[in-house]
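Residues per chain, in single letters:
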Amino acid sequence: MNAVPMRSRLWRAFHQLGSPPYVYRLAGRLAPWLGVASCVLLAVGAFWGLVLAPPDYLQGNSFRIIYIHVPSAYLSMGGYVLMAVAAGIGYIWRMKLAHGVAVCVAPLGAWFTALALVTGGIWGKPTWGTYWEWGDARLMFELLLLFLYIGYMVLRMSFDEREKADRVSALLAVVGVVNVPIIHYSVEWWTTLHQGPTLIREGGPSITMDMLIPLLIMLAGFSLFFGWLLCKRLQGEILRRERRTRWVQNLAVEAAA
Amino acid sequence: MSEFLAMGGHGPYVWSAYGVTLAVMVYNAWAAYRHQANALARLQQAGEEQETRAKPTVRQIG
């Protein structure tokens, strides 16, 4: 059998993922599926979390905020890692599309970081008696994450040349990634107000099944939602970056017709 | 129903958190679609300008 060597197949996949027209079409095809799937999962998860799950024996009903707070916080950190990896690939292999991915992740990640902070604050009021505590390490490093996202976007704006913006902002994105493990371990290193980890901890999740299942559904729903919006943003970003190419100009003519 | 909405006294916290989240997610979905639509509209605009520039105007002929 004359099998296609694995390496060449990997190479082809790598090249396709670096090809703007291919990724533009792929994102356009994926987006509606991700959108529908995420909306279904979010509706099921929210109903399960708000109505079916039992109240917490200690925190009562306020614990139901976990179903939006934990997925937001998870996306805020996961999004940052994705942004840093994409920016790093763009920097090392001079891959414009990878920089484009990082650019699209930044506003989404910033919004979910803000959501994690706000929902956490609202949850904190009935649980800790305060919306905000300057001395809590988890809160401080999550706030730093928001500043890193905003810093990345503002830094880009200060360059007229896109290539220069790509390279300099990539350095900030990559250096800032050390903040992510610090956020994760902050509740173990400094125990102040924020409670310990629920899911990723030694000995498995510290939550019963009837509370855990809706959390997993919401995590999946939030992730697909993030992927959906990333696809749409990436399409717009590709159009802007490739506006002088023939395929984009043909596309604009087709869309107008 | 009103008992469910009250959430044992935690209603304002639970519903404001969910409300903010819903608002932010809807806004982001709208913004992502607008982002692509704007890029496409700007391309079409640029294409039309190029076309009109390519055609010789009366003054150029004269």
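Residues numbered from 1 in each chain as written. Chains lettered and ligands numbered in written order. Predicted model: local features only at pLDDT ≥ 70, side-chain atom pairs only at ≥ 80, totals over all residues. Heavy atoms only, no water.

A. Looking closely at the overall build of chain A. Broken down by element type, chain A carries 9 helices and 0 strands. In chain A, the succession of α and β elements from N to C terminus is α-α-α-α-α-α-α-α-α. Referenced to the eigenvectors of the C-alpha coordinate spread, the extents of chain A come out at roughly 60 × 45 × 40 Å. Looking at the 257 residues of chain A, the share that counts as buried comes to 46%. Look at the contacts in chain A between residues 6 or more apart in sequence, and 73% of them connect residues 24 or more apart. Each charge class in chain A can be summarised by its mean position, and for the 22 positive and 14 negative side chains these summaries are 12 Å apart. (Helix = DSSP H or I, 4+ residues; strand = E, 2+ residues; numbered from the N terminus. Buried < 20%, exposed > 50% of the residue type's maximum accessible area, 1.4 Å probe, protein only. Contact = heavy atoms within 4.5 Å. Lys, Arg positive; Asp, Glu negative; His and termini not counted. Charge placed at Lys NZ, Arg CZ, Asp CG, Glu CD.)

B. Focus on the interface of chain B and chain A. Taken together, the contact pairs 28 residues of chain B with 39 residues of chain A. When the two sides are added together, the surface that chain B and chain A hide from each other amounts to roughly 3100 Å², 74% of it contributed by carbon and sulfur. Taken together, the connections running from chain B to chain A amount to 0 salt bridges. Where chain B meets chain A, there are 12 residue pairs in polar contact (both at pLDDT 80 or more). The element best represented in the side of chain B that touches chain A is helix 2 (residues 11–54) of chain B, accounting for 24 residues. (Buried area = accessible area lost by both parts, 1.4 Å probe. Salt bridge = Lys/Arg side-chain N within 4 Å of Asp/Glu carboxyl O. Polar contact = N/O pair within 3.5 Å; in protein donor to acceptor, adjacent residues only side chain to side chain.)

C. Representation of the packing of aromatic side chains within the structure. All names here are of chain A. Inspection of the entire model under this criterion finds 15 aromatic pairs over all chains. Where Tyr80 meets Tyr149, the ring centres are 5.3 Å apart and the plane angle is 65 degrees; that geometry is what we call edge-to-face. You can see Tyr80 sitting in helix 3 (residues 66–93) and its partner Tyr149 sitting in helix 5 (residues 137–157), a full 69 residues away along the chain. Since its relative accessible area comes to 0%, Tyr80 is described here as buried. Above the plane of the ring of Tyr91 lies Arg167, whose end atom (NZ or CZ) is 4.1 Å from the centre. (Phe/Tyr/Trp six-rings, centres within 6.5 Å; stacked < 30°, edge-to-face > 60°. Lys NZ or Arg CZ within 6 Å of the ring centre and 35° of its normal.)

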